[in-house]
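Take a look at the letters that make up each chain.
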Amino acid sequence: MVRRQPAYSSRTPRFWVTLGWLVLLTGCTTLSGAARQDFQLLPPDTIKQSVTVLLKLDSSQGEVSYHREAVLNVDAERIYLVILGPLGQRLATLDFDGQRLTVDRSSPIPFDASLEKLLGELQMIFWPLTALNAGEWNQDWFFDEKKNIRLVYHKQKLVAEIHRHSPSPWNGSFHYNSKISDYHLSIHSSQLNQ
């Protein structure tokens, strides 16, 4: 008497192998996400002033570089970051009220960068140290300043240096240099509402 194997038995090992791979991939994704904590955006009222700044931004990641212009507007209630195209047309607007972040893209943006990440870098550059080091937002982050260099630490590891080439907090040239990747951001800024 020949015993018939159930039809599903040949698929069972493939099922377990596939399930194992999915669990492994999910675990790797979760671990890398847990190990990398993003900078939490600070609310608009943390700088205690209203300001509008025209920004000329040059960024590079490896061999890829971009030039763009933007307008950063901050008041007690909202932060707006408007990315402009070469002819002054609006490419995208980021709107942050301290709770909710929205991004409105009017056309494809010709650079592969997160606008939220860019706004976080702008806060690291322009916001006062007292706001950046306030314990209620970014507890694993610490900012220090020596002469014209702002040092950015995450979990006590130096992750970036920001070089300031102006005594003004809003006008002049600023350079953000990552210490953990080949990323650089150079900014020339002009405050519009002095």
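What counts and how
- Residues numbered from 1 in each chain as written.
- Predicted model: local features only at pLDDT ≥ 70, side-chain atom pairs only at ≥ 80, totals over all residues.
- Heavy atoms only, no water.
- Helix = DSSP H or I, 4+ residues; strand = E, 2+ residues; numbered from the N terminus.
- Buried < 20%, exposed > 50% of the residue type's maximum accessible area, 1.4 Å probe, protein only.
- Contact = heavy atoms within 4.5 Å.
- Areas by Shrake-Rupley, 256 points an atom, 1.4 Å probe, with all protein chains shown as cover.
- pLDDT = per-residue confidence, 0-100.
- Phe/Tyr/Trp six-rings, centres within 6.5 Å; stacked < 30°, edge-to-face > 60°.
- Pairing = 2+ DSSP bridges.
- Axes fitted to C-alpha atoms, helices over the stretch in contact; angles between N-to-C directions.
- Core = buried A, V, L, I, M, F, W, Y, C linked by side-chain atoms within 4.5 Å.
- Salt bridge = Lys/Arg side-chain N within 4 Å of Asp/Glu carboxyl O.

### Observations concerning the overall build of the chain
Inference 1: The helix and strand inventory of the chain stands at 3 helices and 10 strands.
Inference 2: If you list the helices and strands of the chain from N to C, you get α-β-β-β-β-β-α-α-β-β-β-β-β.
Inference 3: The buried share of the chain, reckoned over its 194 residues, is 37%.
Inference 4: Once local pairs closer than 6 in sequence are excluded, the contacts in the chain between residues at least 24 apart make up 43%.
Inference 5: Here the chain has roughly 12100 Å² of accessible surface; of this, 55% comes from carbon and sulfur atoms.

### Points about the confidence of the model for the chain
Inference 1: Mean pLDDT for the chain: 82, with 77% of residues reaching 70 or above.
Inference 2: For the stretch residues 15-36, pLDDT sits under 50, and the model shows 0 contacts to residues farther than four places along the chain or on other chains.

### Here we look at the packing of aromatic side chains
Each aromatic ring pair is described using two quantities: the centre-to-centre distance and the angle formed by the ring planes.
Inference 1: Applying the stated rule across the entire model yields 8 aromatic pairs.
Inference 2: Taking the centre distance of 5.5 Å and the plane angle of 85° together, the rings of Phe-39 and Trp-141 count as edge-to-face. Pair noted here: Phe-39 is in the loop between helix H1 (12-35) and strand E1 (51-61) and Trp-141 is in strand E6 (residues 141-146), with a separation of 102 residues, a long-range link.
Inference 3: Among the residues examined, Phe-39 registers a relative accessible area of 11% and is labelled buried.
Inference 4: On the basis of an interplanar angle of 65° and a centroid distance of 6.3 Å, the ring pair of Trp-127 and Trp-170 is categorised as edge-to-face. With Trp-127 in the loop between helix H2 (115-126) and helix H3 (129-132) and Trp-170 in the loop between strand E8 (157-164) and strand E9 (172-178), this pair connects stretches of sequence that are 43 residues apart.
Inference 5: Exposure remark for Trp-127: the relative accessible area of 0% places this residue in the buried category.
Inference 6: Residue Trp-170 is classed as buried on the basis of its relative accessible area of 4%.

### Points about the sheet that holds E1
Inference 1: The 10 strands are arranged E5-E4-E3-E2-E1-E10-E9-E8-E7-E6 in an open sheet whose pairing can be described as antiparallel. In this open sheet, the two strands that pair with only one neighbour each are strand E5 (101-105) and E6. On average, each strand axis in the sheet is inclined to that of its neighbour by 20°, with strand direction left out of account.
Inference 2: Strand contacts of H2: E1, strand E2 (64-74), strand E3 (79-84), strand E4 (90-96), E5, E6, strand E7 (149-154), E8, E9 and strand E10 (183-191), with the helix running at about 65° to E10, the strand carrying the most contacts.

### Here's the deal with the environment of Thr-102
Inference 1: Tracing the backbone shows Thr-102 in strand E5.
Inference 2: The spatial distance from the C-alpha of Thr-102 to the C-alpha of Tyr-80 is 9.8 Å, given a sequence separation of 22 residues.
Inference 3: The contacts of Thr-102, once residues within four sequence positions are left out, are Thr-93, Leu-94 and Asp-95.

### Thoughts on the nonpolar core
Inference 1: Of all hydrophobic cores here, the largest spans 42 residues; its most connected members are Leu-55, Leu-72, Leu-81, Phe-126, Trp-127 and Ile-187.
Inference 2: Take this core: its biggest share by element is 7 residues, from H2.

### A short note on the pattern of salt bridges
Inference 1: According to the stated counting rule, one finds 6 salt bridges in the structure shown.
Inference 2: Arg-90 is the salt-bridge partner of Asp-104, the closest N and O atoms lying 3.3 Å from each other. On the criterion of sequence distance, the pair formed by Asp-104 in strand E5 and Arg-90 in strand E4 is long-range, its members being 14 residues apart.
Inference 3: When the shortest N-O distance is used, the salt bridge between Lys-179 and Glu-161 registers 4.0 Å. With a gap of 18 residues between them, Lys-179 in the loop between E9 and E10 and Glu-161 in strand E8 connect regions that are remote in the sequence.
Inference 4: When salt bridges with common partners are traced through the structure, they connect Glu-145, Arg-150 and Arg-164 into a single cluster.

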